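# Residue-level structure breakdown
Here is how the chains run, residue by residue.
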Amino acid sequence: MAYTYDHPHFALTVDAVIFSKSNISLNVLLIRRAKEPFKDCWAFPGGYVNIDEVIDNAVNRELEEETNLSNISLTRFDIFDAIDRDPRERTISVAYYGFINGSNVPIKAGDDAKDVKWFSINNLPELAFDHSIILKKILEVLK
């Protein structure tokens with residue numbers, strides 16, 4: 001049976017905030033976006049949840065596609081649902097965070113990431129979407 005809905009649908013995305021600690025600072029992994037919106041801006045690895053996958057699988061898939069990192073223990077953190085957080089459409093994101101030992105783990109940009117790089121949390125570029133809000137909230141909880 002086909003259904004029709006009286007309510008518009010929204011998109012569901014995931015964001016992976018990956019940290020590593022060096023001798024001098026805490027670092028976070030960012031990708032440079034290859035596509036609009038926010039083309040060439042830095043953001044967390046992440047993207048849309050496919051209709052046939054669960055959220056936990058989506059965040060691991062997106063992380064591996066965009067950074068080549070896999071088997072990272074991720075903690076589901078919070079939901080970010082500001083009405084205008086994505087200019088393309090109404091989008092709700094589930095943010096995760098995780099830690100790896102050292103920032104010398106091999107990373108490689110892929111999928112819709114033009115570049116991938118570690119940044120000190122004390123020297124970050126401007127972040128796309130609401131990612132600065134997500135990072136601030138995670139850091140407050142981790143302190």
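Everything in this summary refers to the structure shown in the same document. (Residues numbered from 1 in each chain as written. Predicted model: local features only at pLDDT ≥ 70, side-chain atom pairs only at ≥ 80, totals over all residues. Heavy atoms only, no water.)

## Regarding helix 2 (residues 131-142)
Where we set the bar: Helical segments are the DSSP runs of H or I of at least four residues, strand segments are the runs of E of at least two, and each set is numbered from the N terminus. Expected span, for any helix, means 1.5 Å times one less than how many residues it has. To sort residues, take the accessible area from a 1.4 Å probe on protein chains only and compare it with the maximum for the residue type: under 20% means buried, over 50% means exposed, and anything in between is partly exposed. Picture the helix axis, draw a direction to every C-beta atom, and the arc is the one those directions span. In this analysis, two residues are considered to be in contact whenever any of their non-hydrogen atoms come within 4.5 Å of each other.
Look at helix 2: 16 Å from first C-alpha to last across twelve residues, which is about the 16 Å you get at 1.5 Å a residue. Residues of helix 2 that are buried: His131, Ile134, Leu135, Ile138 and Leu139. Down the axis of helix 2, the sector holding all buried residues measures 125°, keeping them to one side. The exposed residues of helix 2 that point more than 90 degrees off its buried face are Ile133, Lys136 and Val141. In this structure, the buried residues of helix 2 make contact with strand 1 (11-21), strand 2 (26-33), strand 3 (42-43), strand 5 (74-80) and strand 6 (91-100).

## Things to note about the pattern of salt bridges
If charged atoms from side chains of opposite charge come close, those side chains can pair. We apply this condition: By salt bridge we mean one thing: a side-chain nitrogen of Lys or Arg within 4 Å of a carboxyl oxygen of Asp or Glu.
One pass over the full model with this rule turns up nine salt bridges. For Arg85, the salt bridge identified is with Asp15, shortest N-O distance 3.6 Å. On the criterion of sequence distance, the pair formed by Arg85 in the loop between strand 5 and strand 6 and Asp15 in strand 1 is long-range, its members being 70 residues apart. For Arg85, a relative accessible area of 5% gives the class buried. We note a salt bridge from Arg76 to Asp56, for which the minimum N-O separation is 2.8 Å. Here Arg76 is found in strand 5, whereas its partner Asp56 is found in helix 1 (residues 55-67), with 20 residues between them in sequence. In this structure, a network of salt bridges that share partners links the residues Glu53, Arg61, Glu62 and Glu65.

## Comments concerning the nonpolar core
This is how it is decided: Here, nonpolar core refers to any group of buried Ala, Val, Leu, Ile, Met, Phe, Trp, Tyr and Cys residues whose side-chain atoms link them within 4.5 Å.
Ile18, Leu63, Ile72 and Leu74 are the most contacted members of the largest nonpolar core, which totals 18 residues. Secondary-structure elements contributing two or more residues to this core are strand 1, strand 2, helix 1, strand 6 and strand 7 (113-120). Phe19, Ala95, Leu127 and Ile134 belong to the second-largest nonpolar core, a separate cluster that totals 15 residues.

## Regarding helix 1
In this model helix 1 runs 18 Å from its N-terminal to its C-terminal C-alpha over 13 residues, within 8% of the 18 Å that 1.5 Å per residue would give. For helix 1, the full list of buried residues reads Ala58, Val59, Glu62, Leu63, Glu66 and Thr67. Projected down its long axis, helix 1 carries its buried residues within an arc of 130°, all on one side. Those residues of helix 1 that are buried lie in contact with strand 1, strand 2, strand 4 (46-48), strand 5, strand 6 and strand 7. Immediately beyond the C-terminal end of helix 1, within one or two residues, lies Asn68, with a positive phi of roughly 75°.

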